Amino acid sequence: MSARGIKIRQLQSIKGGMAEFFTPQASHETMLVQIPPHTIDDLFVHKSQTDQLLVVKGEFVIVTLIDKQYQYIPLSENYPVVLTIPPGVMHGAINLSSETCVVVNAVLRHRPVQERDYVTRGRPFPYDLEAANQALKNMQNKIQHSPATKLKSMNSYQPTASNN
């Protein structure tokens, strides 16, 4: 997927004994982000950074606003991929679960931090929480029905879109 430069890519891994080591992401700064249970976050947009998100505990949905349409992109610890969100893409987070979600953000800085990069912008129209929930269910079904292909590319997976 590559709407406005958004990319989902699988992580490469190698086994070392019982441990599995995943490809590190190049970054200028690494943040550990906790998304509380039952969070429905407003949109915000970074002008000076690229986010590279990897869920290490739990699951949540990234909402993007592109061409006046929301895209719902589910992310889970059970499907280790990196979601890349370039500068200029409005996005927010939805955690519908009762558990905190923990995300690593390997940030690429393109210029000094701008204060406005972290100010929410609201929502031009309400999120479709059913579409967000359905995106999570679709991902969970895909994982459940193909455990051997859990780490295959998500090229065949498309986010759920909604106009409201």
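Preceding block: the structure.
Residues numbered from 1 in each chain as written. Predicted model: local features only at pLDDT ≥ 70, side-chain atom pairs only at ≥ 80, totals over all residues. Heavy atoms only, no water.

J.: When you look at the overall build of the chain in this model, what are you seeing that I'm missing?
T.: The helix and strand tally for the chain stands at 1 helix and 12 strands. Listing every helix and strand of the chain by position from the N terminus yields β-β-β-β-β-β-β-β-β-β-β-α-β. Accessible area for the chain stands at about 8700 Å²; split by element, carbon and sulfur atoms hold 53% of it. (Helix = DSSP H or I, 4+ residues; strand = E, 2+ residues; numbered from the N terminus. Areas by Shrake-Rupley, 256 points an atom, 1.4 Å probe, with all protein chains shown as cover.)

J.: I keep staring at the pattern of salt bridges and nothing clicks. Help me out?
T.: Side chains that differ in charge, positive against negative, can pair when their charged atoms come close. Tallied over the entire structure, the rule returns 2 salt bridges. A salt bridge links Arg109 to Glu29, with the shortest nitrogen-to-oxygen separation between them at 3.0 Å. One end of the pair, Arg109, is in strand β11 (residues 101-109); the other, Glu29, is in strand β4 (residues 29-35), with 80 residues separating them in the sequence. Here Arg109 falls in the buried class, since its relative accessible area comes to 17%. For Glu29, a relative accessible area of 31% puts it in the partly exposed group. Between Asp42 and Arg123 there is a salt bridge, with its nearest N and O atoms 2.8 Å apart. Of this pair, Asp42 sits in the loop between β5 (39-40) and β6 (49-57) while Arg123 sits in the loop between β11 and α1 (129-145), and the two are 81 residues apart along the sequence. Residue Asp42 is classed as partly exposed on the basis of its relative accessible area, which comes to 26%. (Salt bridge = Lys/Arg side-chain N within 4 Å of Asp/Glu carboxyl O. Buried < 20%, exposed > 50% of the residue type's maximum accessible area, 1.4 Å probe, protein only.)

From the geometry alone we can't say anything about function, so treat these as descriptive.
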